[in-house]
Amino acid sequence: MAVEKHHVAEHFAARFGGSPKWIVRSPGRVNLIGEHTDYNDGFVLPLAIDRAIWMALRPRDDRRVSVYSIDYDQPGEFSLDSLTKEDGGWIEYLKGTAWSLQEAGHPLHGFEGVLVGDVPLGAGLSSSAALEMATARAFAVVAGLPWDPIAMAKLGQRAENQWIGVNCGIMDQLISAAGQADHALLIDCRSLQTETVPFPPGVAVVVLDTSTRRGLVDSEYNQRRAQCESAAEFFKVSALRDVSLELFQALAHDLDEITQRRALHVITENDRTLQAVEAMRRGDVAALGVLMDKSHVSLRDDYEVSSDALNAMVEVAAAHEACYGARMTGAGFGGCAVALIHAEDAEDFVQATAAAYQEKTGHTPAVYVCRATNGAEVVETSD
Ligand code: ADP
Ligand code: MG
């Protein structure tokens, strides 16, 4: 059940009395194509989705931030003058964002508010980035700071890296900050330049959670990063982004077989992501779907970050006639797949795919039909 903005205002009234001065909304995300390309200075193509964190708030006269989490049914509070890391759970995301904004020289003001969301936690839709960007958006509106999505995304990433201690790239925060309704966002992870790309009409993006998680993701991830770095060194470039397929084909025979395949995935995936943008601009949904299918094969066979559950999900999704294309999304080894489907058949697709996946694997999936929405925004003010 999607969270409606008036619910967050009702929660505010119940907790603090009166009306909030502002309501901010900040979305989760899914990456359509461009996987394991971000740390190779490459391209990604995510969309902000209609699952989000909502905050209703009003300023305080002092330098305290007091927020009630509806989902945890728990208060959280801190002073902007004495930020210390604790094992505080969800409030650490707000503290870390406050820390990062103040470190960057932004003068902040205290506020009180409520926080509620419907981005599933730890499902690969990046509820943490949504929370960081909701917090940044809230501080920006309270303190009257200009909203610069790229700068704010970097500060959110810094909070996640240094306060929370999660080594993520820039994609999650940037799409949550800069998404645009009915568009995907091409991000150049080197320059951080972005380009909105319109979705062709009549398609829906479906996130298919395999309900499987694998513990070894971090060590596998670090190993892939190291392999990419050594491949870049071999080609004498700063990142695999700079290696064309021609250069790869001319020189790769001197690389060991595994590193060859890792590099080949990144090089072809960057190319597919740029081709996907062209296909979307042409309205060529079929071509976009084929690129997603190829991305999955490359992640499965060359990059070797898929799993049996992900492969099963992609297979059953692709077998449905409403499906244009499907692939694993996110770091891999479990988590979610993403499919592009004919929107009118969404209901049948969801039912058939969930049933077929369950039958095949014994796991009960979670399925989310998504719409591309705006990034972090102030959706309502009292004046
Ligand atoms: P994800 O893949 O969804 O980003 P993370 O583990 O990175 O998963 O972040 C999840 C954490 O973010 C939660 O444990 C919680 O601390 C915080 N969080 C996410 N959504 C909410 C919410 N609606 N209310 C409070 N905290 C939230
Ligand atoms: Mg996260």
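Refer to the structure above for everything that follows.
Undergrad: Residue-level account of the sheet that holds strand 4 (residues 64–69), with values.
TA: The six strands lie next to each other as 5-4-6-3-1-13, forming an open sheet whose pairing is mixed. Here the strands that pair on one side only, and so sit at the sheet edges, are strand 5 (74–79) and strand 13 (377–381). This sheet shows a mean twist of 25 degrees between the axes of neighbouring strands, independent of strand direction. Where strand 4 meets strand 6 (residues 111–117), five bridges bridge the pair, whose relative direction is parallel. Bridge pairing in strand 6 places Ser-69 opposite Leu-115. The strands that helix 5 (residues 171–178) touches are strand 1 (22–31) and strand 3 (46–59); relative to strand 1, the one it contacts most, it runs at about 130 degrees.

Undergrad: Requested: an account of the state of the cysteines, with residues and values cited.
TA: Enumeration over the complete set of coordinates arrives at zero disulfides. Looking at the unpaired Cys-168, the closest cysteine sulfur is the one in Cys-189, lying at 12 Å. Free of any disulfide, Cys-370 has its nearest neighbouring cysteine sulfur in Cys-336, separated by 9.3 Å.

Undergrad: Can you tell me about the nonpolar core, naming the residues and giving the values?
TA: In terms of nonpolar packing, the biggest core is built from 76 residues, with Leu-45, Met-55 and Phe-199 touching the most fellow members. Here this core takes ten residues from helix 3 (residues 127–143), the largest share from any one element. Composition of this core by domain shows at least three residues from each of domain 1 (2–198) and domain 2 (203–370). If we skip the residues at most four places from it in the chain, Phe-199 touches Leu-32, Leu-47, Asp-182, His-183, Ala-184, Val-205, Met-280, Leu-340 and Ala-372. Among the nonpolar cores identified, the runner-up in size contains 20 residues, and Ala-231, Leu-240, Leu-299 and Met-328 belong to it.

Undergrad: I'd like a description of helix 6 (residues 217–234), backed by residues and values.
TA: The periodicity of an α-helix, 3.6 residues per turn, causes residues three or four places apart in sequence to face the same way. Between its first and last C-alpha, helix 6 extends 26 Å over 18 residues, near the 26 Å set by a 1.5 Å rise per residue. Three or more residues of helix 6 are buried, namely Val-217, Tyr-221, Arg-224, Gln-227, Cys-228, Ala-231 and Ala-232. For helix 6, the angular spread of the buried residues around the axis is 135 degrees, confining them to a single face. Across helix 6 from its buried face, at more than 90 degrees, point the exposed residues Asp-218, Glu-229 and Glu-233. Buried residues belonging to helix 6 abut helix 8 (257–282). Phi turns positive, to about 60 degrees, at Lys-236, one or two residues after helix 6.

Undergrad: Report on the site of ligand 1, specifying residues and quantitative values.
TA: Neighbouring ligand 1 are 16 residues; Asp-71, Leu-121, Gly-122, Ser-127 and Ser-128 lie closest to it. In the model, an oxygen atom of ligand 1 is placed 2.8 Å from a nitrogen or oxygen of the Gly-122 main chain. Burial of ligand 1 by the protein chains amounts to 80% of its free accessible area of 570 Å². Going through the elements one at a time, strand 6 and helix 3 are the ones with two or more residues in the shell around ligand 1. When its residues are assigned to classes, the shell around ligand 1 shows eight nonpolar, seven polar and one charged.

Undergrad: Provide a residue-level description of the pairing of strand 6, including the pertinent values.
TA: For a regular strand, side chains alternate in direction, first toward one face of the sheet and then toward the other. Among the seven residues in strand 6, seven count as buried, and that is most of the element. Taking every second residue as pointing to the same face, both faces of strand 6 are buried, with Phe-111, Gly-113, Leu-115 and Gly-117 on one and Glu-112, Val-114 and Val-116 on the other. Pairing geometry for strand 3 and strand 6, over seven bridges, is antiparallel. Along strand 6, the bridge assignment pairs Leu-57 with Gly-113.

Undergrad: Let's hear about the sheet that holds strand 12 (residues 366–370): which residues, and what values?
TA: Across the sheet, which stays open at both edges, the four strands sit in the order 10-11-9-12 with antiparallel pairing between neighbours. At either end of the open sheet lies a strand with only one pairing partner, and these are strand 10 (323–329) and strand 12. Across the sheet, the axes of successive neighbouring strands diverge by a mean angle of 20 degrees, strand direction being ignored. Alignment of strand 9 (residues 203–209) against strand 12, held across five bridges, turns out to be antiparallel. Counterpart to Val-206 in the pairing with strand 12 is Val-369. Its contacts with the sheet put helix 9 (residues 285–301) on strand 9, strand 10 and strand 11 (336–342), and the angle it makes with strand 10 is roughly 30 degrees.

Procedures and definitions
- Residues numbered from 1 in each chain as written.
- Chains lettered and ligands numbered in written order.
- Predicted model: local features only at pLDDT ≥ 70, side-chain atom pairs only at ≥ 80, totals over all residues.
- Heavy atoms only, no water.
- Pairing = 2+ DSSP bridges.
- Helix = DSSP H or I, 4+ residues; strand = E, 2+ residues; numbered from the N terminus.
- Axes fitted to C-alpha atoms, helices over the stretch in contact; angles between N-to-C directions.
- Contact = heavy atoms within 4.5 Å.
- Disulfide = S-S within 2.5 Å.
- Core = buried A, V, L, I, M, F, W, Y, C linked by side-chain atoms within 4.5 Å.
- Buried < 20%, exposed > 50% of the residue type's maximum accessible area, 1.4 Å probe, protein only.
- Domains from an automatic or database assignment.
- Expected span 1.5 Å × (residues − 1).
- Arc of directions from axis to C-beta.
- Near = heavy atom within 4 Å.
- Polar contact = N/O pair within 3.5 Å; in protein donor to acceptor, adjacent residues only side chain to side chain.
- Areas by Shrake-Rupley, 256 points an atom, 1.4 Å probe, with all protein chains shown as cover.
- Nonpolar A, V, L, I, M, F, W, Y, C, P; charged D, E, K, R; others polar.

Remember, this is a structural readout, not a statement about activity or role.
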